[in-house]
Number of protein chains: 2
Amino acid sequence: MASPARNPEIRKDAVTSRWVIFSPARARRPSDFKAKTSTNSNQNQECPFCVGHEHECAPEIFRVPPDSTSDWTIRVIENLYPALSRDLEPTLLQNPNPESDCGDLVLSGFGFHDVVIESPFHPVHLYDLSAEGVGDVILAYKKRIEQLALHQSIKYIQVFKNHGASAGASMSHSHSQIMAVPIIPPMVSTRLNSMKEYFEQTGKCSLCEIRSKDLLIDESTHFISIVPFAATFPFEIWIIPRDHSSHFHEIDSEKALDLGGLLKLMLRKISLQLNNPPFNFMIHTSPLQLSNSQLSYTHWYLQIIPQLTTVAGFEIGTGCYINPVLPEDAAKVLREVKVPM
Amino acid sequence: MASPARNPEIRKDAVTSRWVIFSPARARRPSDFKAKTSTNSNQNQECPFCVGHEHECAPEIFRVPPDSTSDWTIRVIENLYPALSRDLEPTLLQNPNPESDCGDLVLSGFGFHDVVIESPFHPVHLYDLSAEGVGDVILAYKKRIEQLALHQSIKYIQVFKNHGASAGASMSHSHSQIMAVPIIPPMVSTRLNSMKEYFEQTGKCSLCEIRSKDLLIDESTHFISIVPFAATFPFEIWIIPRDHSSHFHEIDSEKALDLGGLLKLMLRKISLQLNNPPFNFMIHTSPLQLSNSQLSYTHWYLQIIPQLTTVAGFEIGTGCYINPVLPEDAAKVLREVKVPM
């Protein structure tokens, strides 16, 4: 192996403008890399996320309730195999290929990569918790984001959940992840530009304007859930706050409880309707530092993607997606799913 | 099902600026959509791509050699389940949600979606063909692109190959696909902007400048193969023409044969080194209509992606990728793979 203790790096090339995080510490030796074969996810008896196995995990950041012992309900811990390192200086590195000065960029791999264990018990999934329980997980995201936002070099914080091995979950115990990065990711920049353009044309926030009945699935006091007009994936769902809000971490306890109920309902609906599919959800918030004008047109939302189709050459090559289900059809199906209480 | 005979549409929303192709004709009924389960790919005896089963396919566009009967080596046919329809008018449709004028766009789903059957025989993969055979497949792409480019409404043509079910191949018989679309896809625009910016700063084409020895895998008379500096995926490979060329379909017979040899070598190397992984390749060419200045900084290349990792919530949410293998390590491994002749 060429560089066994190599630090992570963040690179961007002058052709595709994509940022890529290189985390060699997560890798097997490059020469050992083989095609993945289907393996069973780890079993209960050896799961470090289960209550009683806390000592097998990377350091804890906080737990809920704060003073609990073995009666904790949520733990926020460091990722044992972080893609980024909290111990590096956030600096621009020299181009390692000085013979070809071709506009490539390298940053040190500074950043944070944390894990939120959503329950002490292995068989309990996020959607098995009560609305209050899901709301507490949402408040744990908020608390950790407020801590991470104190770091001046952190530009963006991504909360996401991978459920099921084929959606990228390496642990079957219910958990989500928080990554804090020293760049504004490309998709976030694109979203900001797009929302800015709409605001300049109309004077309005594009997400405040979404009110199509055809696309509505459900609504709660403070949120609506829809299938987006140009859903990238079949049965993709967006949960959008009714009130204009740029940053997810502005959420208060009342709204977190309300969101907990609607998120649980959406996850139960896709589980019932789509045969318990693997899924991802992502909280799309705004970069931490925003101008006053950016605050007027940025609006956070939560995106849920059931993994039902395969992303292939056309999508990878073009960034265009092929979705076999029209959003209004998907919304109708999801609207009508009956969830036993 | 809400719209059994609904035409495909291409949509873009005002939030993410992503173009999505909706092709309801490809779908099962939305209410029947379930999580995918692993299914075996179709077997030889029922494969419509095999010689002798030509009548089970959608219409043929041309074959190689042109006057062959059952001794054809390559067939270019229409896709039986096209994501886009060649029979629609290329028009901007009305916003179907007039109550919410929120900057969403809908185009009719006009376009072409063709299939290139690379061999008459089921067990023969592209990399099993001779360099001349792979070169002939490349010349078939060129010929079909030249036909499609005659349509004024076609803005971009994407050639891609999905190999293996988890890379998106629904047929196991070796084939590739050509999609001609009436928009410039977002990733192509981003690439053009990025290459333009480099050209404005340096007066040079960013792909002509790539000459790093650390990243080089192999080279031929007219092409080099490298692991790109910010490879998005482990063991990603780019094959780049040495001479500046904006459009893939400018390739001539001599260069197609040369590319055939290098492409075969790269596919054999990943098959040997990475345990015959599923893979995708994409030919990244330029939009059909280019200005003279755009011709100076655009340069086509072929990208090969072995499917070894899972794209999950972080990547979907941010457009940033996590790659556990440093490009210079991957290049060294691939450089040293011994391929039996």
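Residues numbered from 1 in each chain as written. Chains lettered and ligands numbered in written order. Predicted model: local features only at pLDDT ≥ 70, side-chain atom pairs only at ≥ 80, totals over all residues. Heavy atoms only, no water.

Peer 1: Could you give an account of the overall build of chain A, with specific residues and numbers?
Peer 2: A count of helical and extended segments in chain A gives six helices and 14 strands. Within chain A, buried positions represent 59% of all 341 residues. Sequence-distant contacts, at least 24 apart, represent 69% of the contacts inside chain A between residues at least 6 apart. Counting every atom, chain A has about 13500 Å² of accessible surface; 51% of that belongs to carbon and sulfur. (Helix = DSSP H or I, 4+ residues; strand = E, 2+ residues; numbered from the N terminus. Buried < 20%, exposed > 50% of the residue type's maximum accessible area, 1.4 Å probe, protein only. Contact = heavy atoms within 4.5 Å. Areas by Shrake-Rupley, 256 points an atom, 1.4 Å probe, with all protein chains shown as cover.)

Peer 1: Can you tell me about the environment of L334 of chain A, naming the residues and giving the values?
Peer 2: Residue and element names in this part refer to chain A. Of note, L334 is situated in helix α6 (residues 327-336). Given a relative accessible area of 1%, L334 falls into the buried group. On a C-alpha basis, the gap between L334 and L274 in space is 9.8 Å, while along the polypeptide they are 60 residues apart. Once you skip the residues sitting within four places of it in the chain, L334 turns out to touch I217, V227, F235, I237, K269 and I270.

Peer 1: Just give me the short version of the sheet that holds strand β4 (residues 74-78) of chain B, but keep the residues and values in it.
Peer 2: Residue and element names in this part refer to chain B. Reading across the sheet, the ten strands line up as β3-β4-β6-β8-β7-β12-β13-β11-β10-β9 and stay open at both edges, with antiparallel pairing between neighbours. In this open sheet, the two strands that pair with only one neighbour each are β3 (60-64) and β9 (216-219). Going across the sheet, the axis of each strand differs from the next one's by a mean of 20°, ignoring polarity. Of the strand pairs in this sheet, β4 and strand β6 (residues 112-117) are connected by four bridges, and their pairing is antiparallel. Looking at β6, one finds that E78 is bridged to D114. Of the strands in this sheet, β9, β10 (223-226), β11 (237-241), β12 (279-284) and β13 (301-306) are in contact with helix α3 (residues 253-273), which crosses β10 at around 20°. (Pairing = 2+ DSSP bridges. Axes fitted to C-alpha atoms, helices over the stretch in contact; angles between N-to-C directions.)

Peer 1: So what about the packing of aromatic side chains? Which residues, and what values?
Peer 2: All names here are of chain A. Under the definition given, this model contains 16 aromatic pairs over all chains. Relative to W300, the ring of F248 lies with its centre 5.2 Å away and its plane at 85°, an arrangement referred to as edge-to-face. With a gap of 52 residues between them, F248 in the loop between β11 (237-241) and α3 (253-273) and W300 in the loop between α4 (292-297) and β13 (301-306) connect regions that are remote in the sequence. Overall, W300 belongs to the buried group, its relative accessible area being 2%. (Phe/Tyr/Trp six-rings, centres within 6.5 Å; stacked < 30°, edge-to-face > 60°.)

Peer 1: Help me get a handle on the UniProt feature "active site" (unreviewed entry) in chain A, residues and values and all.
Peer 2: Residue and element names in this part refer to chain A. Here the UniProt feature "active site" (unreviewed entry) sits at H175. Structurally, H175 can be placed in strand β8 (residues 175-181). What H175 contacts, discounting residues up to four positions off in sequence, is F49, V115, V116, I117, E118 and K161. (UniProt positions renumbered as here; feature names shortened; annotations may be inferred.)

Peer 1: Break down the state of the cysteines for me, with residues and values.
Peer 2: For the coordinates displayed, the defined rule picks out zero disulfides over all chains. Between C57 of chain A, a cysteine without a disulfide, and C47 of chain A, which holds the nearest cysteine sulfur, the sulfur-to-sulfur distance is 7.7 Å. Free of any disulfide, C50 of chain B has its nearest cysteine sulfur in C47 of chain B, 3.9 Å distant. For C50 of chain B, a relative accessible area of 6% corresponds to the buried category. (Disulfide = S-S within 2.5 Å.)

Peer 1: Could you give an account of the pattern of salt bridges, naming the residues involved and the relevant values?
Peer 2: All names here are of chain A. Overall, the coordinates contain 24 salt bridges over all chains when judged by the stated rule. Measuring nitrogen to oxygen at the nearest pair gives 2.9 Å for the salt bridge that ties R63 to E60. Take R63: its relative accessible area is 17%, and that puts it in the buried class. Salt-bridge contacts for K255 lead to D243; the nearest nitrogen and oxygen are separated by 3.5 Å. Of the two residues, K255 is situated in helix α3 and D243 in the loop between β11 and α3; the sequence distance between them amounts to twelve residues. Here the salt bridges do not stand alone but share partners, grouping E78, R86, D114 and R144 into one network. (Salt bridge = Lys/Arg side-chain N within 4 Å of Asp/Glu carboxyl O.)

Peer 1: Explain the pairing of strand β9 (residues 216-219) of chain A to me, using residue names and the numbers behind them.
Peer 2: Residues and elements named next belong to chain A. Of the pairings in the sheet, the one linking β9 to strand β10 (residues 223-226) comprises three bridges and is antiparallel in character. In the sheet register, E219 faces β10, and the bridge partner there is I224. The loop that links β9 with its antiparallel partner β10 comprises three residues.

Peer 1: Explain helix α2 (residues 186-202) of chain B residue by residue, including any values.
Peer 2: If you check α2 of chain B, its first and last C-alpha atoms are 25 Å apart, about what 17 residues at 1.5 Å a residue would give, namely 24 Å. Of all the positions in α2 of chain B, only V188, R191, L192, S194, M195 and Y198 of chain B are classed as buried. Along the axis of α2 of chain B, the buried positions cluster into a sector of 165°, meaning they face one direction only. Seen from the open side of α2 of chain B, the exposed residues pointing more than 90 degrees away from its buried face are N193, E200 and Q201 of chain B. Elements that come into contact with the buried residues of α2 of chain B comprise α5 (313-318) of chain A together with β7 (156-163), β12, α4 (292-297) and β13 of chain B. Positioned one or two residues after α2 of chain B, G203 of chain B has a phi angle of 75°, which is positive. (Expected span 1.5 Å × (residues − 1). Arc of directions from axis to C-beta.)

Peer 1: Give a description of the sheet that holds β11 of chain A that names residues and reports values.
Peer 2: Residues and elements named next belong to chain A. The strand order across the open sheet formed by ten strands is β3-β4-β6-β8-β7-β12-β13-β11-β10-β9, and the pairing between neighbours is antiparallel. Every other strand in the sheet has two partners, leaving β3 (60-64) and β9 as the edge strands with one partner each. Between one strand and the next, the sheet's axes are offset by a mean angle of 20°, whatever the strand orientation. Packing of α3 onto the sheet brings it into contact with β9, β10, β11, β12 (279-284) and β13, and relative to β10 it is tilted by some 20°. Here α6 sits on the sheet in contact with β9 and β11, set at roughly 35° to β9.

Peer 1: Run through the side chain of S212 of chain B, naming residues and quoting values.
Peer 2: Tracing the backbone shows S212 of chain B in the loop between α2 and β9. Reaching out from S212 of chain B, the side chain makes a polar contact with the backbone nitrogen of D214 of chain B at a distance of 3.3 Å. (Polar contact = N/O pair within 3.5 Å; in protein donor to acceptor, adjacent residues only side chain to side chain.)

Peer 1: Just give me the short version of the side chain of S85 of chain B, but keep the residues and values in it.
Peer 2: Mapped onto the secondary structure, S85 of chain B falls in the loop between β4 and β5 (105-108). From its side chain, S85 of chain B meets the backbone nitrogen of D87 of chain B in a polar contact 3.1 Å long.

Peer 1: Hey, could you go over unusual backbone geometry for me, with residue numbers and the actual values?
Peer 2: Here the bond from V64 of chain A into P65 of chain A is cis, since omega is -10°, no more than 30 degrees from zero. The topology assignment puts P65 of chain A in the loop between β3 and β4 (74-78). Backbone geometry at N276 of chain A places phi at a positive 50°, although glycine is not the residue there. On the secondary structure map, N276 of chain A appears in the loop between α3 and β12. The backbone phi angle of N275 of chain B is positive, close to 70°, even though this residue is not glycine.

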